[in-house]
Amino acid sequence: MRPRLALDKLAEVKPWEYAVRFVFGGVVTVLTGLLARYFGPAVAGIFLAFPAILPASLTLVKQHEGRKKAADDARGARIGAVGLAAFAGVVALRASSWPAAGVLVAATLAWLAVSLVVWTCVYAWRPET
């Protein structure tokens with residue numbers, strides 16, 4: 001499987017489906033803000049790693065394109081989350097000692113490298129479908 005951009009798929013999505021994603025993302029964001037208020041940003045930051053619209057998106061993908069495609073999208077989200085953990089690790093280790101721009105560049109490169117390595121490992125042994 002190779003990632004690809006399919007702009008024609010945007011026309012297949014109904015406006016109410018965008019609304020579901022928007023509302024769900026907003027609810028997750030508000031809940032994360034409440035967690036930050038009561039438990040601090042360190043606790044709430046963990047929940048920012050949760051893709052706010054993933055559950056709604058996976059439900060809609062399953063409805064439109066089937067369970068297999070939804071499972072593949074969920075797999076991709078998990079791979080991205082591993083990369084996001086690498087990003088967070090670089091920020092946590094270097095934010096107090098490096099300039100902000102350097103931390104951002106290094107963390108982004110860590111996210112990209114880790115995500116690509118994990119993606120390659122996951123998909124290298126999967127047959128093309």
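Remember, it's a predicted structure, so these values are computed and weren't measured experimentally.

(A) Local environment of helix α4 (residues 67-94). Taking 1.5 Å per residue as the helical rise, α4 with its 28 residues ought to reach 40 Å, and the 41 Å between its terminal C-alpha atoms agrees with that figure. Among the residues of α4, those classed as buried are Ala70, Asp72, Ala74, Arg75, Ala77, Ile79, Gly83, Ala86 and Val90. Of the surrounding elements, those touching the buried residues of α4 are α3 (54-65) and α5 (100-124).

(B) Focus on a nonpolar patch on the surface. Together, Phe22, Val23, Val27, Val30, Leu31, Leu34, Tyr38, Phe39, Val43 and Phe47 make up a nonpolar patch on the protein surface, roughly 1,100 Å² of accessible area in all. Of all the elements, helix α1 (residues 15-39) adds the most residues to the nonpolar patch, at eight residues. Tracing the backbone shows leucine 31 in helix α1.

(C) The side chain of aspartate 72, seen in detail. Within the element layout of this structure, aspartate 72 appears in helix α4. Classification of aspartate 72 as buried rests on a relative accessible area of 11%. Within the structure, the side chain of aspartate 72 is placed 2.7 Å from the side chain of arginine 75, a separation counted as a polar contact.

(D) Quick peek at the pattern of salt bridges. Per the counting criterion, the structure on display carries two salt bridges. When the shortest N-O distance is used, the salt bridge between aspartate 73 and lysine 69 registers 3.3 Å. Here lysine 69 and aspartate 73 lie together in helix α4, a separation of four residues that amounts to about one turn. The exposure class of lysine 69 is partly exposed, given its relative accessible area of 29%. In this structure, aspartate 72 and arginine 75 form a salt bridge, with 2.7 Å as the shortest nitrogen-oxygen distance. Of this pair, aspartate 72 and arginine 75 both sit in helix α4, separated by three residues, roughly a single helical turn. Each of the two residues, aspartate 72 as well as arginine 75, counts as buried.

(E) Local environment of the confidence of the model for the protein chain. For the protein chain, the average pLDDT comes to 84, and 89% of its residues sit at 70 or higher. Within the protein chain, helix α2 (residues 41-48) has the poorest average pLDDT of any element, 74, and α5 the best, 92.

(F) Up close: the packing of α4 against α5. As a packed pair, α4 and α5 sit with axes 8 Å apart at the nearest point and diverge in direction by 145°. α4 and α5 meet at a crossing whose hand is right-handed. Counted by class, the contact of α4 with α5 contains 18 nonpolar, four polar and three charged residues.

(G) Region of interest: the environment of glycine 83. Mapped onto the elements, glycine 83 comes out in helix α4. Sequence spacing of glycine 83 and alanine 113 is 30 residues, and the spatial spacing of their C-alpha atoms is 7.7 Å. Excluding residues that lie within four positions of it along the chain, glycine 83 makes contacts with Trp111, Val114 and Ser115.

(H) The arrangement of the packing of α1 against α3 in detail. Two numbers describe how α1 lies on α3: the axes approach to 8 Å, and their chain directions differ by 155°. The angle between α1 and α3 places the two elements in the roughly antiparallel class. Facing Trp16, Glu17, Val20, Arg21 and Phe24 of α1, the residues of α3 in contact are Pro55, Ala56, Ser57, Leu60, Gln63 and His64. Of the residues assigned to the contact of α1 with α3, the class counts are six nonpolar, three polar and two charged.

Quick notes on the rules
- Residues numbered from 1 in each chain as written.
- Predicted model: local features only at pLDDT ≥ 70, side-chain atom pairs only at ≥ 80, totals over all residues.
- Heavy atoms only, no water.
- Helix = DSSP H or I, 4+ residues; strand = E, 2+ residues; numbered from the N terminus.
- Expected span 1.5 Å × (residues − 1).
- Buried < 20%, exposed > 50% of the residue type's maximum accessible area, 1.4 Å probe, protein only.
- Contact = heavy atoms within 4.5 Å.
- Patch = residues over 30% accessible without salt bridge, like charges linked within 9 Å, V, L, I, M, F, W, Y side chains within 5 Å.
- Areas by Shrake-Rupley, 256 points an atom, 1.4 Å probe, with all protein chains shown as cover.
- Salt bridge = Lys/Arg side-chain N within 4 Å of Asp/Glu carboxyl O.
- Polar contact = N/O pair within 3.5 Å; in protein donor to acceptor, adjacent residues only side chain to side chain.
- pLDDT = per-residue confidence, 0-100.
- Axes fitted to C-alpha atoms, helices over the stretch in contact; angles between N-to-C directions.
- Left-handed = near helix turned anticlockwise from the far one by under 90°.
- Nonpolar A, V, L, I, M, F, W, Y, C, P; charged D, E, K, R; others polar.
- Parallel < 35°, antiparallel > 145°, perpendicular 65-115°, else oblique.

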